[in-house]
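# Structural description and commentary
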Amino acid sequence: GAGVSQSPSNKVTEKGKDVELRCDPISGHTALYWYRQSLGQGLEFLIYFQGNSAPDKSGLPSDRFSAERTGGSVSTLTIQRTQQEDSAVYLCASSLGGVNSGANVLTFGAGSRLTVL
Amino acid sequence: GNSVTQMEGPVTLSEEAFLTINCTYTATGYPSLFWYVQYPGEGLQLLLKATKADDKGSNKGFEATYRKETTSFHLEKGSVQVSDSAVYFCALRLSGGSNYKLTFGKGTLLTVNP
């Protein structure tokens, strides 16, 4: 598509429930990234995909967080047994290539705002 | 480790005022430097970038110069407009094996009043 699409744009859930956040990157972008934007914390890197594999998952905060990417395109970030501290905006970005392209521009989606009550 | 420090906001200016948002970085390698902007209700957009020392990135009247000697990438604009009200993020990205990851500062909220 023309841009990075994320859904849902807003999600309110109860503590303990599971949530899935979806990212549809720009067509042809092989690299995909998830970041978390929390109030006062800036943007935290969560995970990076190159194609369908995730060479860097180092930013996932706990084992309740997981992500997958299928067909080198759509990615899903899953948070199990949500906690109040998971409340944040989850941003997805994509770019052409990954390694050896340090000046590659990341294009971000508008984000999914998650509120855990 | 790698980190980005930018001036804390919020910054409030009158229209046509001069803007500076300071950004300094610490990096283990030779980074590319970026400014991203987030307008209310929207995703982050690349504002400008610089990939080597002394490069100047510019866009929409904003400028930033890559200063290796002071490890800085300060954002400037000579005359701000109300439409510039947004959150501005400074970021770095290393060259080489770890160059997929952007490291961001915490963001600076700019409000421009008419």
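Look a little higher up for the structure.
Here is a short report on the structure shown in this document. (Residues numbered from 1 in each chain as written. Chains lettered and ligands numbered in written order. Predicted model: local features only at pLDDT ≥ 70, side-chain atom pairs only at ≥ 80, totals over all residues. Heavy atoms only, no water.)

## Quick word on the overall build of chain B
What counts is decided by this rule: Elements are defined by DSSP. Helices are runs of H or I of four residues or more, strands are runs of E of two residues or more, and each kind is numbered from the N terminus. Atoms considered for the radius of gyration are the C-alpha atoms alone. The globule rule reads 2.2 Å times the number of residues to the power 0.38. Burial status follows relative accessibility: with a 1.4 Å probe on protein chains alone, a residue under 20% of its type maximum counts as buried, one over 50% as exposed, and anything between as partly exposed. Contacts were defined at the residue level, with two residues in contact if any of their heavy atoms lie within 4.5 Å. Reported accessibility uses the Shrake-Rupley method at a 1.4 Å probe radius. Residues are deemed covered only where the shown protein chains occlude them. Here Asp and Glu are counted as negative and Lys and Arg as positive; His is not counted, and neither are the chain ends. The atoms used to mark charge sites are NZ of Lys, CZ of Arg, CG of Asp and CD of Glu.
From N to C terminus, chain B includes 0 helices and 12 strands. Its C-alpha atoms give chain B a radius of gyration of 14 Å, within 12% of the compact-globule value 13 Å for 114 residues. Projected onto its principal axes, the C-alpha coordinates of chain B cover approximately 45 × 30 × 20 Å. Across the 114 residues that make up chain B, the buried fraction comes to 45%. Taking the intrachain contacts of chain B between residues at least 6 apart in sequence as the baseline, contacts between residues at least 24 apart amount to 55%. Of the roughly 5,200 Å² of accessible surface on chain B, a fraction of 47% belongs to carbon and sulfur atoms. Of the charged side chains in chain B, 10 are positive and 10 negative; the average position of the first set lies 11 Å away from that of the second.

## Looking at the interface of chain A and chain B
In many analyses, interface size is given as the accessible surface area lost on bringing the parts together. Rules: Here the buried area means the combined drop in accessible surface, using a 1.4 Å probe, for two parts upon being joined, counting both sides. Any carboxyl oxygen of Asp or Glu that lies within 4 Å of a side-chain nitrogen of Lys or Arg is treated as forming a salt bridge with it. Any pair of nitrogen or oxygen atoms within 3.5 Å is treated as a polar contact; in protein, a donor-acceptor pairing is required on top of that, and neighbouring residues in sequence qualify only through side-chain atoms on both sides. For this scheme, ten residues count as nonpolar: Ala, Val, Leu, Ile, Met, Phe, Trp, Tyr, Cys and Pro. Four count as charged, namely Asp, Glu, Lys and Arg, and the remainder, Gly too, count as polar.
Facing the 25 residues of chain A at the interface are 21 residues of chain B. Interface area for chain A against chain B, summed over the two sides, is near 1,800 Å², with a carbon-plus-sulfur share of 56%. At the boundary of chain A and chain B, one finds 1 salt bridge. Where aspartate 56 of chain A meets lysine 101 of chain B, a salt bridge forms, and the shortest distance between an N and an O atom there is 3.3 Å. Here chain A is connected to chain B by 5 residue pairs in polar contact (both at pLDDT 80 or more). When contributions to the side of chain A that touches chain B are tallied by element, the ones reaching two or more residues are strand 4 (31-38), strand 5 (42-50) and strand 9 (88-95) of chain A. With 4 residues, the single largest contributor to the side of chain A that touches chain B is strand 5 of chain A. Classifying every residue of the side of chain A that touches chain B gives 12 nonpolar, 12 polar and 1 charged.

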